[in-house]
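The residues making up each chain are set out below.
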Amino acid sequence: GMLAAIICGPPPALRCGPPGVLRPPALRSGRTAMGLSDLFGGKAASGASGAAVTLPADSAPSWADLKAAVAATPAGEMLGEERALQAKGLGPPHTDARLRLFGAKSESEVRVTLFRDTAAWCPYCQKVWLLLEEKRIPYRLDKINMRSYGDKPRWFLDKVPNGLLPAIEIDGNFMTDSLPIMQALDQTFSGEGTPRMVPPPGPERDRASKLLGLERELFGAWCSLTFQPGKGLMDRNERAFMATLRRVDEALGESTGPWFLDSADHPTLVDLQYVSHVERMLASALYWKGIQIRGSGRFSNLEAWLAAFEERPAYLATKSDYYTHVMDIPPQYGPGFSVDEAREAAAAIDGRGGSWSLPLDLQGSAFEPLAPLQAALGDAAARHEAAFELVANHAAV
């Protein structure tokens, strides 16, 4: 949400005065515009609270100057190096990486192409994306619009007539539907040293099958709660959702580690099937129904499971913030229905409660905690990353 506040434009609490004057609530400065060292060097401005920041018409730095300034910061240098590696199919996972080689020597050895949505909204695409990263399967990426926000290119519809996402091409063969795709990938790339996502026939596979059924129950209960007014007759929808979530928490408690299955020390297909929608449930239940799942103290096993995911760079590369989810769910599923109890949390998530007022608190909140790997980067790195992305995308701003 914080990155969205910086990149996507002024939140409601940021007021604009006459041309050349910005009036952010807590930004303080003198009479002249801040220099580049103030913008990127982490200096705090001073002056009277609420004072206007006057920006003379000829004082704004050029995009080239901004690019050079942010590139010279430690975060900018690191991001520049990562982008150079990504162009070669190397480096850490990232939403914009179009080629992932892992152990392949060149792109000519890559057998898989993943087709996922451009904006990384799709929970089913996220599952497949995560599996490819966790198994370190070399792949190419093509981004395709979802129907909820754009048209699909003709070349894609020629390959996948129904236009469904995710889609995948393995050795020239096309597949859709995330669960069969994940099973096919696990079977096709099952060499020594490659983590198995599906257990062999036996008790663990039987357990996996039951857990996948429970995931569908949880998804159904979430839909009934989120996309109907109120919380159901006598709160029936809320009670059904919370009861199912407790069963999920209990199932996690039956294993010795943080994952659903004891047969692996890494997330399996079962974990990946759950996590993309649980991630969206955390945001949507809080935003529309005022139900806080994370940090409530009621789901200790689920908390440990989420924390284990957040220690994995592949998951963090695919993970979205609460604001993104509550904005992207309605175009995909339909409108969520709010209740009065959700007002405080909703205002904190979408900025109406002043949570996007400057200076921003980049350390997360009780509603939406940051993962330790994210928090470890610090405020300055977060600001510089936002500036790096804004400068890189300035033509679209």
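Structure's up top.
Residues numbered from 1 in each chain as written. Predicted model: local features only at pLDDT ≥ 70, side-chain atom pairs only at ≥ 80, totals over all residues. Heavy atoms only, no water.

Asker: How would you explain the state of the cysteines if you had to name every residue and give the values?
Answerer: The final tally for this structure, using the stated rule, is zero disulfides. Lacking any disulfide linkage, cysteine 125 is separated from the closest cysteine sulfur, that of cysteine 122, by 3.1 Å. Taking the relative accessible area as the measure of exposure, cysteine 125 reaches 1% and is therefore buried. (Disulfide = S-S within 2.5 Å. Buried < 20%, exposed > 50% of the residue type's maximum accessible area, 1.4 Å probe, protein only.)

Asker: Got a sec to walk through the packing of aromatic side chains? Specific residues and values, please.
Answerer: In this structure the tally under the stated criterion is 17 aromatic pairs. Each ring, one from phenylalanine 115 and one from phenylalanine 156, has its centre 5.5 Å from the other, and the planes form 50 degrees; the classification is tilted. One end of the pair, phenylalanine 115, is in strand β5 (residues 112–117); the other, phenylalanine 156, is in helix α6 (residues 154–159), with 41 residues separating them in the sequence. The exposure classification of phenylalanine 115 matches that of phenylalanine 156, with both residues buried. Chaining the aromatic ring pairs together yields one cluster made of Trp259, Phe260, Tyr274, Trp305, Phe309 and Tyr315. Here the basic side chain of arginine 116 rests over the ring of tryptophan 129, its NZ or CZ set 4.0 Å away from the ring centre. Lying across the ring of phenylalanine 219, arginine 216 places its NZ or CZ 4.4 Å from the centre. (Phe/Tyr/Trp six-rings, centres within 6.5 Å; stacked < 30°, edge-to-face > 60°. Helix = DSSP H or I, 4+ residues; strand = E, 2+ residues; numbered from the N terminus. Lys NZ or Arg CZ within 6 Å of the ring centre and 35° of its normal.)

Asker: Mind laying out the nonpolar core, listing which residues take part and the relevant values?
Answerer: Judged by nonpolar contacts, the single largest core of 70 residues is most densely connected at Leu185, Phe241, Tyr274 and Trp305. With 13 residues, the single largest contributor to this core is helix α10 (residues 269–289). If sequence neighbours within four positions are ignored, leucine 185 has contacts with Val112, Val128, Leu131, Leu132, Lys135, Ile137, Ile168 and Ile170. Listed in part, the ten residues of the second largest apolar core include Cys125, Ile144, Val160 and Ala167. (Core = buried A, V, L, I, M, F, W, Y, C linked by side-chain atoms within 4.5 Å. Contact = heavy atoms within 4.5 Å.)

Asker: An account of unusual backbone geometry is needed here, citing residue identities and associated values.
Answerer: With an omega dihedral of 0 degrees, the bond running from leucine 165 to proline 166 counts as a cis peptide bond. Position of proline 166 relative to the elements: it lies in the loop between α6 and β7 (167–170). With a phi close to 55 degrees, methionine 234 is a non-glycine residue in the positive phi region. Mapped onto the elements of the fold, methionine 234 is located in the loop between α8 (203–226) and α9 (236–253). The exposure class of methionine 234 is exposed, given its relative accessible area of 71%. For aspartate 235, which is not a glycine, the phi torsion comes out positive at approximately 60 degrees. As for its placement among the helices and strands, aspartate 235 is situated in the loop between α8 and α9.

Asker: Describe the sheet that holds strand β8 (residues 173–176), listing the residues and the values that go with them.
Answerer: The five strands are arranged β4-β6-β5-β7-β8 in an open sheet whose pairing can be described as mixed. Strands at the two margins of the open sheet, each flanked by one partner only, are β4 (99–100) and β8. Bridge count for β5 against strand β6 (residues 139–144) is six bridges, and the pairing is parallel. Within β6, the position partnered with aspartate 117 by the bridge is isoleucine 144. Of the strands in this sheet, β4, β5, β6 and β7 touch helix α5 (residues 123–135), which is tilted by about 145 degrees from β5. (Pairing = 2+ DSSP bridges. Axes fitted to C-alpha atoms, helices over the stretch in contact; angles between N-to-C directions.)

Asker: Help me get a handle on the pattern of salt bridges, residues and values and all.
Answerer: Inspection of the entire model under this criterion finds 18 salt bridges. One salt bridge connects aspartate 186 with lysine 135, and the closest N-O pair in it is separated by 2.9 Å. Remark: lysine 135 occurs in helix α5 and aspartate 186 occurs in helix α7 (residues 178–188); sequence separation between them is 51 residues. Residue classification places aspartate 186 among the buried positions, given a relative accessible area of 0%. Aspartate 350 is the salt-bridge partner of arginine 352, the closest N and O atoms lying 2.8 Å from each other. (Salt bridge = Lys/Arg side-chain N within 4 Å of Asp/Glu carboxyl O.)

Asker: Quick rundown of the pairing of β6? Include the residues and the values.
Answerer: In this sheet, β6 lies alongside β4 in antiparallel orientation, the contact comprising two bridges. Looking at β6, one finds that arginine 100 is bridged to tyrosine 139. Handedness of the crossover joining β5 and β6 through α5: right-handed. (Right-handed = clockwise from strand over helix to strand, strands pointing away.)

Asker: Explain helix α14 (residues 343–350) residue by residue, including any values.
Answerer: Within the span of α14, buried status applies to Ala345, Ala346, Ala347, Ile349 and Asp350. For α14, the elements touching its buried residues are α10 and α13 (322–333). Immediately downstream of α14, the backbone of glycine 351 shows phi near 90 degrees, a positive value.

All quantities given are derived from atomic positions and should not be read as evidence of function.
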